[in-house]
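# Survey of secondary and tertiary structure
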Amino acid sequence: MSPQQRLAVRLDGRVLELQIPGVDLAIQLGQGGSYTLSHDDPQLLDELASALEDHAWVVPPDGGLLSGLSVGANLALALSDGVHAATAQDAALQGALQAAGMPPERLARLHRLMPSDLNPLELWTVAWAIALLRKPALLVLDHPMTHLNHAQQRAVLGMVALFQDKHPTCPVLWLHLKPSLMPMVTQDAPSQEAACLC
């Protein structure tokens, strides 16, 4: 069965309709809120994330940075308007990354680092900061907890809450494998693991 038969993504006015086997979801754009779509077929979720790229800003688990470019070049490319480099956004970017908990000494070196120099939470944080500054109509978090420990997962939840505070009309769609296959995240569970953005 082809991807086109397995899934459908349609924009009807301000409603984005998603259909995959066993799931029909309608997302009201411009109304904010959180939506969760889980399925037991990881390939189908990957196909859905790709299909959503025309309608949303999709943050993949690894942050989606281009490995051949420095973090600074990735940021300039992602935040450029297609004509001007993103240097004018540096203050806003620094503010976003600081709000996410990135230490000042790491921020000072961040532009020169390669994506391979960042840990999984840092990669996700850079992608989150791009989304925060891009102001998308829909934010899609594609398997956001992959490769993260429990403390890092809580840090991601905090960043998503910051995003929703800043952009209350932008809906957030979480794509997950079925709950039995995804990490458990609880706000109250004590943890000895550190969410390191250093």
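For the structure itself, consult the block above.
So, how was this worked out
- Residues numbered from 1 in each chain as written.
- Predicted model: local features only at pLDDT ≥ 70, side-chain atom pairs only at ≥ 80, totals over all residues.
- Heavy atoms only, no water.
- Pairing = 2+ DSSP bridges.
- Helix = DSSP H or I, 4+ residues; strand = E, 2+ residues; numbered from the N terminus.
- Axes fitted to C-alpha atoms, helices over the stretch in contact; angles between N-to-C directions.
- Contact = heavy atoms within 4.5 Å.
- Buried < 20%, exposed > 50% of the residue type's maximum accessible area, 1.4 Å probe, protein only.

This paragraph deals with the sheet that holds strand β5 (residues 57-59). Across the sheet, four strands lie side by side as β4-β7-β6-β5; this open sheet has parallel pairing. Every other strand in the sheet has two partners, leaving β4 (34-39) and β5 as the edge strands with one partner each. On average, adjacent strands in this sheet sit at an angle of 20° to one another, irrespective of strand direction. Where strand β6 (residues 139-142) and strand β7 (residues 172-177) come together, four bridges link them in parallel fashion. Looking across to β7, one finds that L139 is bridged to V172. Where helix α6 (residues 120-134) meets the sheet, it contacts β5 and β6, and its direction lies at approximately 165° from that of β5.

Let us look at the environment of G63. With respect to the helices and strands, the residue G63 is situated in the loop between β5 and α3 (71-79). Accessibility expressed as a relative area gives 10% for G63, which makes it buried. Beyond its immediate sequence surroundings of up to four residues, G63 is in contact with L123 and A127.

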